[in-house]
Amino acid sequence: MYIAENGQYAKLYIEESAYSGVKKIASKVAEDLKKVTDHEFTVEYGLPKDTDKINAIVIATLGKSAYLESMEQAGKVELSAIRGKREVYDFRVLEPANGESHATLLIAGSDKRGTIYGLFHLSEIIGVSPWVWFADVMPAHKDVITLTQEDNKTSKEPSVKYRGFFINDEWPSFGNWTFRHFGGFTAQMYDKVFELLLRLKGNYLWPAMWTSSFSLDGPGFDNAKLADEYGIVMSNSHHEPCLRHSEEWDLVRGEDSIYGNAWNYDRNKEGLTNYWRDGLKRNGKLENIITMGMRGERDSEILGHSATLKENIDYLKEVITTQNQLIKECVNEDLDQVPRMLALYKEVEAYFHGDENTMGLKDWKELDGVTFMLCEDNFGNMRTLPTKENRDRKGGWGMYYHFDYHGDPVSYEWVNSTHLSKVWEQMCEAYDYGIRDIWVVNVGDLKPQELPLSYFLDLAYDFDKWGT
């Protein structure tokens, strides 16, 4: 079939019943086609009566498409390869019927993200880079774009379930940029970030947090709503529990506040319980991974150096027990249906392991369904990996990796200083040892990290192709 040939152009069709996020991405792919051909492509809502008489690009998602159901019932398409799968798409040129010269390109997704990845697969085929906007990578012009059945593809399920990055240490570079161009950390700016993440076939984000609150800066709730619309799974960094952002605390704390003034569960149980409950009520019904536990303010130890290992572990157990109760109350009574994560970062790693006299968190039943997020040493070297005995635990395993680091003993920021060979070696080791539920990487200001981030997410999406 032709998409562009001899002055004729295909049209994109999508049903009114489609996900709104898929409709938005379809419009972005139409813009990609224009970048390549200089022709204005339109997205039609609804479907043509006879797709055999025109060249059509039909975009549909299982469970949201009467067209897919009718095509399958008529024996014109076979969708068993994607049904029941996670984030999978079928990209297929359908043979013309009755000798017609026109054909249909069907992009069918198993779910919302599957359809979106299928759409961006078309962008890749015509030569549009995922970095087309963020790095000004303009595609080569083409007068002719044709597809044949050799382009047909059914994607595999992604190797790692949740794959994404953390915008961090974002001042002065990213912060000044977003205020200059978008007036702050707004939905207008995050629209570009979400688009990049989806083009790279990621699905998971820790948002900027030094001076911003993702769920307040949209303005209002617009950032969170847009993420959910696109199918971006949101979370918070290792020291921001229960879907509330670090900077939010300073906005609402106080002696007269219902949240109290102390970021300490021993001294402010009622206030912090109220604070976490309200975060879960606000964001809990969206697609999230909820950060569990508690660290000190500004990325510090919660109880200080004088506290014993047992005191720290007992403290965290009380905090997590309360957080699980709040999740049952505000999100879902069945905790196994709620993705949750405990980041074993810096001092928390010691609480995880315990010692010969104190049972660590790794053996605590309350955390059975929580993903344990391991962390490297801030410089790209694995510190610990799952053992054979606990590799298949119910909650699974994650990895927090760094391409940017701000802290002791030395910071590295603003330029890419990470060799791909190191990323390959260390993350392949992580995957081989069973870390396959969450991969998130600190990219700092994002912009300088095009190369390692592209590889990191390629590896997470298709380990068989890029890995060991």
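Please read these numbers as outputs of a predicted model, since none were measured by experiment.

A.B. asks: I'm lost on the overall build of the protein chain in this one. Help?
C.D. replies: Along the protein chain, the regular secondary structure elements total 13 helices and 19 strands. Taking 2.2 N^0.38 as the reference for a compact globule, 468 residues should give roughly 23 Å; the C-alpha atoms of the protein chain span a radius of gyration of 24 Å, in line with that estimate. With the principal axes as the frame, the protein chain shows a C-alpha extent of 80 × 45 × 45 Å. A total of 468 residues make up the protein chain; the buried ones form 58% of that total. In the protein chain, the share of contacts with a sequence separation of at least 24, taken over all contacts with a separation of at least 6, comes to 75%. For the protein chain, the exposed area adds up to about 19,500 Å²; of that, 47% sits on carbon and sulfur atoms. Here the protein chain contributes 52 positive and 75 negative side-chain charges, whose respective centroids are spaced 3 Å apart.

A.B. asks: Sorry if this is basic, but what is going on with helix α12 (residues 450-461) here?
C.D. replies: An α-helix turns once every 3.6 residues. As a result, residues three or four positions apart point the same way. With 12 residues, α12 extends 16 Å between its outermost C-alpha atoms, agreeing within 8% with the 16 Å of an ideal straight helix rising 1.5 Å per residue. Where burial is concerned, most of α12 is hidden: 9 out of the 12 residues are buried.

A.B. asks: Teacher, can you tell me more about the pattern of salt bridges here?
C.D. replies: The tally for this structure, following the rule as stated, stands at 32 salt bridges. Residue Glu-87 is joined to Arg-113 by a salt bridge in which the shortest nitrogen-to-oxygen separation is 2.5 Å. With Glu-87 in the loop between α2 (66-73) and β6 (89-94) and Arg-113 in helix α3 (residues 112-125), this residue pair connects regions lying 26 residues apart in the sequence. When sorted by exposure, Glu-87 lands in the same class as Arg-113, which is buried. Judged by relative accessible area, Arg-113 falls into the buried class, the value being 10%.

What counts, and at which threshold
- Residues numbered from 1 in each chain as written.
- Predicted model: local features only at pLDDT ≥ 70, side-chain atom pairs only at ≥ 80, totals over all residues.
- Heavy atoms only, no water.
- Helix = DSSP H or I, 4+ residues; strand = E, 2+ residues; numbered from the N terminus.
- Rg over C-alpha atoms; globule rule 2.2 N^0.38 Å.
- Buried < 20%, exposed > 50% of the residue type's maximum accessible area, 1.4 Å probe, protein only.
- Contact = heavy atoms within 4.5 Å.
- Areas by Shrake-Rupley, 256 points an atom, 1.4 Å probe, with all protein chains shown as cover.
- Lys, Arg positive; Asp, Glu negative; His and termini not counted.
- Charge placed at Lys NZ, Arg CZ, Asp CG, Glu CD.
- Expected span 1.5 Å × (residues − 1).
- Salt bridge = Lys/Arg side-chain N within 4 Å of Asp/Glu carboxyl O.

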